[in-house]
Amino acid sequence: MRLSWLCSLIVALALSMHTHIVSASKKTNSKKQKDNVQLISEKLVKGPVIALSDSTFNQLVMDRPREYHAVVMLTATDPKYSCSICQKGRALFEEAAKAYNSQFDFNSSSPAQRVAFFFAEVDSNQRNFAEMQLDSVPHTYILPVADAKAPRPRLSAAQETDPKAFVASLSGALQTLHDSTGVRVKVLHDPALLVLGTFLLTVLLALLSALVARDLPGTLLLYQSPALWTIVSLVRAPHTLV
């Protein structure tokens with residue numbers, strides 16, 4: 001009887017310790033993720049893309065859980081490498097990151113809508129470049145949200161985007177982002193360019209009309225026309241292309 005009671009006590013203690021360990025592990029993972037999200041939010045104040053080193057690469061990209069999609073460009077933009085496509089890719093990558101951050105708040109978005117953009121330059125990520133045996137650049141990877149039980153991610157061909165996606169066009173880059181993450185980012189157009197184009201087109205049409213009607217002096221005073229500025233004002237609001 002005493003032996004049975006002792007065994008029951010041991011089992012109860014073991015279960016209690018296991019529950020405590022699991023609970024502590026979950027709290028640690030949750031705190032780590034909150035710290036990473038907060039760290040990224042703070043870094044985004046300085047710019048839309050975060051520079052990685054060998055140590056922060058593991059912390060912000062490879063560790064789990066990771067409550068955000070990670071878009072990583074491995075590149076070599078230092079002039080000493082004479083990589084023109086790297087320079088072009090970096091500029092387009094930054095445009096895509098700016099477009100995302102202008103439409104989403106990283107800190108308050110749900111994990112499924114969070115996207116963090118990272119640069120990994122060869123000089124500050126020599127260990128990672130060596131481990132992946134990279135002999136060319138740039139390479140861009142999009143890694144999905146990962147929970148604590150997910151296997152450690154690998155930057156393999158399966159996660160690599162089309163090499164042209166982030167060097168061809170902004171709309172193409174954002175479409176690739178949507179295909180991989182489900183996050184839809186719109187291409188915003190500068191309304192000032194649209195206003196200027198509309199104004200010039202209106203003036204051109206007016207000049208052509210004046211030539212036909214032989215009233216050129218009256219046309220040159222067209223800028224004083226309230227009707228013209230009413231037309232221009234109608235297109236001053238920002239336009240988007242989904």
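What you see as residue numbers is a count from 1 along each chain, following the sequence as written. Per-residue local features of the predicted model are confined to residues with pLDDT of at least 70, and side-chain atom pairs are confined, for both listing and counting, to 80 or more; whole-chain, interface and lining totals are unaffected and use all residues. For side-chain calculations, the full set of non-hydrogen atoms in the structure is used, while hydrogens and water are omitted.

*Asks:* Sorry if this is basic, but what is going on with the sheet that holds strand 2 (residues 69-75) here?
*Replies:* Each strand in a sheet pairs with its neighbour through backbone hydrogen bonds, running either in the same direction (parallel) or in the opposite one (antiparallel). Taken in spatial order, the 4 strands line up as 1-3-2-4 in an open sheet, and their pairing is mixed. The open sheet has two free edges, formed respectively by strand 1 (50-51) and strand 4 (139-143), since each of these has just one partner strand. The pairing criterion is simple: DSSP has to find at least two bridges between the two strands. Each helix is a run of H or I in the DSSP string that is no shorter than four residues. Each strand is a run of E no shorter than two, and both are numbered from the N terminus. Summarising the sheet, strand 2 and strand 3 (residues 115-121) pair through 7 bridges and their orientation is parallel. In the sheet register, H69 faces strand 3, and the bridge partner there is V115. Contacts were defined at the residue level, with two residues in contact if any of their heavy atoms lie within 4.5 Å. Note on geometry: axes are lines fitted to C-alpha atoms, helical ones only across the stretch in contact, with angles between N-to-C directions running from 0 to 180 degrees. Docked against the sheet, helix 3 (residues 84-103) engages strand 2, strand 3 and strand 4, running at close to 160° with respect to strand 3. Together, strand 2, strand 3 and strand 4 form the strand contacts of helix 6 (residues 170-181), whose direction differs from that of strand 4 by roughly 35°.

*Asks:* Before we go on, may I ask you to explain the pattern of salt bridges in this structure?
*Replies:* Side chains carrying opposite charge are able to pair once their charged atoms draw close together. By definition, a salt bridge exists where a carboxyl oxygen of Asp or Glu is found within 4 Å of a side-chain nitrogen of Lys or Arg. Tallied over the full model, the rule gives 5 salt bridges. Between D123 and K80 there is a salt bridge, with the nearest N and O atoms lying 3.3 Å from each other. One end of the pair, D123, is in the loop between strand 3 and helix 4 (126-131); the other, K80, is in the loop between strand 2 and helix 3, with 43 residues separating them in the sequence. Its relative accessible area of 36% is what places D123 among the partly exposed residues. Each residue gets one of three labels from its accessible area relative to the maximum for its type: buried under 20%, exposed over 50%, partly exposed in between, using a 1.4 Å probe on protein chains only. The exposure class assigned to K80 is exposed, which follows from its relative accessible area of 56%. The closest approach of N and O atoms between R90 and E121, which form a salt bridge, is 2.9 Å. Remark: E121 occurs in strand 3 and R90 occurs in helix 3; sequence separation between them is 31 residues. Overall, R90 belongs to the partly exposed group, its relative accessible area being 26%. A network of salt bridges, in which partner residues are shared, links R90, E94 and E121.

*Asks:* It is not clear to me how the packing of aromatic side chains should be interpreted in this structure. Could you clarify?
*Replies:* Note on aromatic pairs: each is described by the distance of the centres and the angle between the planes. The criterion for an aromatic pair is that two Phe, Tyr or Trp rings (for Trp, the six-membered ring) have centres within 6.5 Å, with stacked assigned to planes under 30 degrees apart, edge-to-face to planes over 60 apart and tilted to the rest. In total, this model carries 6 aromatic pairs according to the counting rule given. Ring centres of Y100 and F117 lie 6.0 Å apart, and the angle between their planes is 50°; this geometry places the pair in the tilted category. One end of the pair, Y100, is in helix 3; the other, F117, is in strand 3, with 17 residues separating them in the sequence. Ring pairs connect the aromatic residues F93, Y100, F104, F117, F119 and F166, which therefore count as one cluster.

Just distances and angles here, no functional claims.
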